[in-house]
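# Structure assessment
Residue strings, one per chain:
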Amino acid sequence: MTMRPEVTAAVGLGANLGDAAAQVRQALVWLGELPATRLVAVSRLWRSAPVQASGPDYCNAVALLATRLTAPDLLQALLALEQRAGRQRPFRNAPRTLDLDLLLYGQARIDSPTLTVPHPRMAQRAFVLVPLAEVAPAWVPPAALRSVADQSLAPWDDGPMP
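Fair warning: this is a prediction, and the values are worked out from it, not measured in the lab.

Definitions and limits used
- Residues numbered from 1 in each chain as written.
- Predicted model: local features only at pLDDT ≥ 70, side-chain atom pairs only at ≥ 80, totals over all residues.
- Heavy atoms only, no water.
- Helix = DSSP H or I, 4+ residues; strand = E, 2+ residues; numbered from the N terminus.
- Buried < 20%, exposed > 50% of the residue type's maximum accessible area, 1.4 Å probe, protein only.
- Contact = heavy atoms within 4.5 Å.
- Areas by Shrake-Rupley, 256 points an atom, 1.4 Å probe, with all protein chains shown as cover.
- Expected span 1.5 Å × (residues − 1).
- Phe/Tyr/Trp six-rings, centres within 6.5 Å; stacked < 30°, edge-to-face > 60°.
- Lys NZ or Arg CZ within 6 Å of the ring centre and 35° of its normal.
- Polar contact = N/O pair within 3.5 Å; in protein donor to acceptor, adjacent residues only side chain to side chain.
- 1 Å grid on protein atoms, 1.4 Å probe; cavity = no way out; pocket = protein on both sides within 12 Å on 5 of 7 lines; lining within 4 Å.
- Points joined across faces, edges and corners; volume = space filled by probe spheres on them.
- Nonpolar A, V, L, I, M, F, W, Y, C, P; charged D, E, K, R; others polar.

## As for the overall build of the chain
- In terms of regular secondary structure, the chain is built from 4 helices and 8 strands.
- Traced from its N-terminal end to its C-terminal end, the chain shows the element sequence β-α-β-β-β-α-β-β-β-α-α-β.
- A total of 162 residues make up the chain; the buried ones form 46% of that total.
- The contacts of the chain with a sequence gap of at least 6 include a subset with a gap of at least 24, amounting to 69%.
- Accessible area of the chain: about 8400 Å², with a carbon and sulfur share of 54%.

What follows is the structure, given as structure tokens:
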């Protein structure tokens, strides 16, 4: 049996219902338990206001994974973890118990009906770029950080990471 080579993937995590920080921390544990996948790095937790939505502030983070899963398989695993956390999708941009976005999958460019990588809106969001720059500074150009510098983002300050 041939093993697929490991790919480094970046996953954005967010939650704003219930104990959002606890949800994000639990999701990090679950990410580390995915098959053929290891958790490589995790940003600190960040607080951001909802974008194009209402509800409480979000707790956000970015995790780097080394995975042998294909991008579609990793996406399916992320969606299953959202379901495990009780995610419901009553309407677009609804508040959520857990949101997991596949931001990057190595150097891949994917544009399919179910998956777009790099994530199509990541360059517009401080809550993605700032934590991504923490764990993979080479992947976030300084100009990208400057372009989102006016967006409200603050450390969550709610205890240590797992």
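After presenting the structure, the write-up continues.
## Some thoughts on helix α1 (residues 20-32)
- Here α1 spans 19 Å end to end across 13 residues, near enough to the 18 Å set by a 1.5 Å rise per residue.
- Restricting attention to buried positions, one finds in α1 the residues Ala20, Ala21, Gln23, Val24, Arg25, Ala27, Leu28, Trp30 and Leu31.
- Elements in contact with the buried residues of α1: β1 (7-15), β2 (37-42), β4 (58-67), α2 (71-84) and β5 (99-105).

## Here we look at the packing of aromatic side chains
- All told, the structure shown has 0 aromatic pairs when counted by the stated rule.
- Against the face of tryptophan 156 rests arginine 47, its NZ or CZ located 3.9 Å from the ring centre.

## Some thoughts on the environment of arginine 4
- With respect to the helices and strands, the residue arginine 4 is situated in the segment before β1.
- In this structure arginine 4 comes out as partly exposed when scored by relative accessible area, which is 38%.
- In this structure, arginine 4 is in contact with Arg68, Leu69, Thr70 and Tyr105, ignoring residues within four places of it in sequence.
- Side-chain polar atoms of arginine 4 contact the side chain of tyrosine 105, separated by 3.3 Å.

## Regarding the layout of surface pockets
- One number sums up the size of the second largest pocket: a volume of about 220 Å³.
- Here the lining of the second largest pocket is built from residues that sort into 9 nonpolar, 2 polar and 1 charged.

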